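As a plain string of letters, each chain reads:
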Amino acid sequence: MSETLTVPETVILEVFRYRPEVESEPTFDSFEVPFHPEWMILDALNYIKDDLDGSLSYRWACRMGVCGSCGMLANGQPVLTCATYLESLLPGPIRIEPLEGFPVIRDLVGDIGDFMNKLSDVKAWLIRDEEKPVEDGEYLQTPSQLDDYKQYSMCINCMLCYSACPVYRLEPEFIGPAAIALAQRYNLDSRDEGAEERMDVLSQHDGIWGCTLVGECTEVCPKGVDPAGAIQRYKVSATMDYFKSLLMPRSSS
Amino acid sequence: MNPGYRLYYPRWYRKRVPIFWWLHKRSYAVFIARELTSVFVVYAAAVVVALVLTLNKGEPAWEAAMSRLSHPLVITAHVLVLFVILFHTITWLNLAPMAIVVKLGDRKVPPTAVLIGHYGAWFACSVVVAWLLLWR
Ligand code: SF4
């Protein structure tokens, strides 16, 4: 009996709804869902969709924090809903909204096309001047070389960092935290030779210099990527390159 | 039915960013505070430059500048400016290890060492300046 006093039977979720075919402004719907201490926010949303309102739209896939698709705002904070316990947000009501910074298509689903384009703008893949033939074997790497970029390779493209970034919300042209961190992931990879190509895109105003170092991206990142750090390191190396080219104009190609 | 709606055409909802967005979160407010304090850093730098320029204008100009600076109100204001600049410097130096990752051979220099290096350099510069101003 004493347990039921501390653990509620149910919890209220206030869920952002936007149904463009019937309304031009979003509204909030309240749902009462059973409370289980082991439930994540995503479990509660799935309960709503299965048992209360099948029309609720949201993204999710792996429910174990690797697909990066279930990012939303819970009480205003960007989180992975599959990795955030309902319990951590008691007593409720818990307000669920789509990630900020992305235009909303419907309910909790944002249009993420902009981020996808930015990933290709920064060439977030291995670039080689010349590919080795397959017969020559792998590109070898030492554990220390792996260490140089491993942290940045943990990014799951969940876009929580974009939602936390005021610069991105105010100036959507800003390339943004994850895309820059991923550019760094390849720059710091000993097998990659594309740093200069990426610098052309990233040294623009909308690139690294758009960042004013608010630092919230690093705070909300569920994977410890530290995009803010990646951007500041990029600024340092861009500055060094600039001074190097001033002092030794001929050494740069 | 929403009359503006056309089937199969996305009709996005875009949220407006409020002017006072930076009051919505503590970390945003701290960020804005750090950025605003840079105005005072510029002010302090301008005062120093102005003093150097008056040095060139001969003794009377220098004396006049000194008497202006030693007015109690100016001193109070400058003490406040000093604290604001300290806030700026400390929050700024604390961010240094984020930007500077040093590798010695295969080993990464720990972030605290980078931090200590920055504070050490700051301290050393301050000692040199203090020595020039006070004991020479
Ligand atoms: S950097 Fe972190 S918060 Fe940003 S998309 Fe990658 S995993 Fe998500």
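What you see is a predicted model, and the numbers here were worked out from it, not measured in a lab. (Residues numbered from 1 in each chain as written. Chains lettered and ligands numbered in written order. Predicted model: local features only at pLDDT ≥ 70, side-chain atom pairs only at ≥ 80, totals over all residues. Heavy atoms only, no water.)

*Asks:* Can you explain a nonpolar patch on the surface? Please cite residues and give values.
*Replies:* All names here are of chain B. A cluster of nonpolar side chains, contributed by Ile 75, Val 79, Leu 82, Phe 83, Leu 86, Ile 90 and Trp 122, occupies part of the molecular surface with about 590 Å² of accessible area. With six residues, helix H3 (residues 72-93) is the single largest residue contributor to the nonpolar patch. Position of Ile 75 relative to the elements: it lies in helix H3. (Patch = residues over 30% accessible without salt bridge, like charges linked within 9 Å, V, L, I, M, F, W, Y side chains within 5 Å. Areas by Shrake-Rupley, 256 points an atom, 1.4 Å probe, with all protein chains shown as cover. Salt bridge = Lys/Arg side-chain N within 4 Å of Asp/Glu carboxyl O. Helix = DSSP H or I, 4+ residues; strand = E, 2+ residues; numbered from the N terminus.)

*Asks:* An account of the domain arrangement of chain B is needed here, citing residue identities and associated values.
*Replies:* Here chain B is partitioned into domain 1 (18-92) and domain 2 (100-136). Just the C-alpha atoms count here: the centres of domain 1 of chain B and domain 2 of chain B sit 23 Å apart. (Domains from an automatic or database assignment.)

*Asks:* Tell me about the pattern of salt bridges, and please be specific about residues and values.
*Replies:* All names here are of chain A. Enumeration according to the criterion identifies 18 salt bridges over all chains in this entry. When the shortest N-O distance is used, the salt bridge between Lys 118 and Asp 114 registers 2.9 Å. Highlighted residues: Lys 118 and Asp 114, both in helix H3 (residues 113-121), separated by four residues, approximately one helical turn. According to the relative accessible area criterion, Lys 118 is buried, its value standing at 5%. Salt bridges here are not isolated pairs; linked through shared partners, they connect Arg 17, Arg 19, Glu 23, Asp 29, Asp 53 and Asp 107. (Buried < 20%, exposed > 50% of the residue type's maximum accessible area, 1.4 Å probe, protein only.)

*Asks:* How would you sum up the domain arrangement of chain A? Please name residues and give values.
*Replies:* Residue and element names in this part refer to chain A. In terms of domain boundaries, chain A breaks down into domain 1 (10-110) and domain 2 (113-247). When each unit is reduced to the centre of its C-alpha atoms, the spacing between domain 1 and domain 2 is 30 Å. Listed as interface residues are 15 residues of domain 1 and, on the opposing side, 15 residues of domain 2. Taken together, both faces of the contact between domain 1 and domain 2 bury some 1100 Å²; the carbon and sulfur share is 65%. Among the residues of domain 1 in contact with domain 2, Pro 78, Glu 100 and Phe 102 are the three that bury the most area, contributing 43% of the side total. Viewed at the interface, domain 2 and domain 1 are joined by one salt bridge. Here Arg 169 and Glu 100 are joined by a salt bridge, their closest N and O atoms 3.8 Å apart. For the interface between domain 1 and domain 2, the tally reads two residue pairs in polar contact (both at pLDDT 80 or more). Secondary structure elements with two or more residues in the side of domain 1 that touches domain 2: strand E3 (71-74) and strand E4 (77-80). Top element by residues in the side of domain 1 that touches domain 2 is E4. It accounts for four residues. Split into classes, the residues belonging to the side of domain 1 that touches domain 2 amount to nine nonpolar, five polar and one charged. (Contact = heavy atoms within 4.5 Å. Buried area = accessible area lost by both parts, 1.4 Å probe. Polar contact = N/O pair within 3.5 Å; in protein donor to acceptor, adjacent residues only side chain to side chain. Nonpolar A, V, L, I, M, F, W, Y, C, P; charged D, E, K, R; others polar.)

*Asks:* Account for the packing of aromatic side chains, with residues named and values stated.
*Replies:* Residue and element names in this part refer to chain B. Taken as a whole and assessed by the stated rule, the structure comprises 12 aromatic pairs over all chains. Between Trp 21 and Tyr 28, the ring centres sit 5.4 Å apart and the planes meet at 70°, which makes this aromatic pair edge-to-face. On the basis of relative accessibility, which here comes to 11%, the residue Trp 21 falls in the buried class. Its relative accessible area of 3% is what places Tyr 28 among the buried residues. For the ring pair Tyr 119 and Trp 122, a centre distance of 6.0 Å and an interplane angle of 50° mean the geometry is tilted. Placement of both Tyr 119 and Trp 122 in helix H5 (residues 111-135) is noted, with a separation of three residues, approximately one turn of the helix. (Phe/Tyr/Trp six-rings, centres within 6.5 Å; stacked < 30°, edge-to-face > 60°.)

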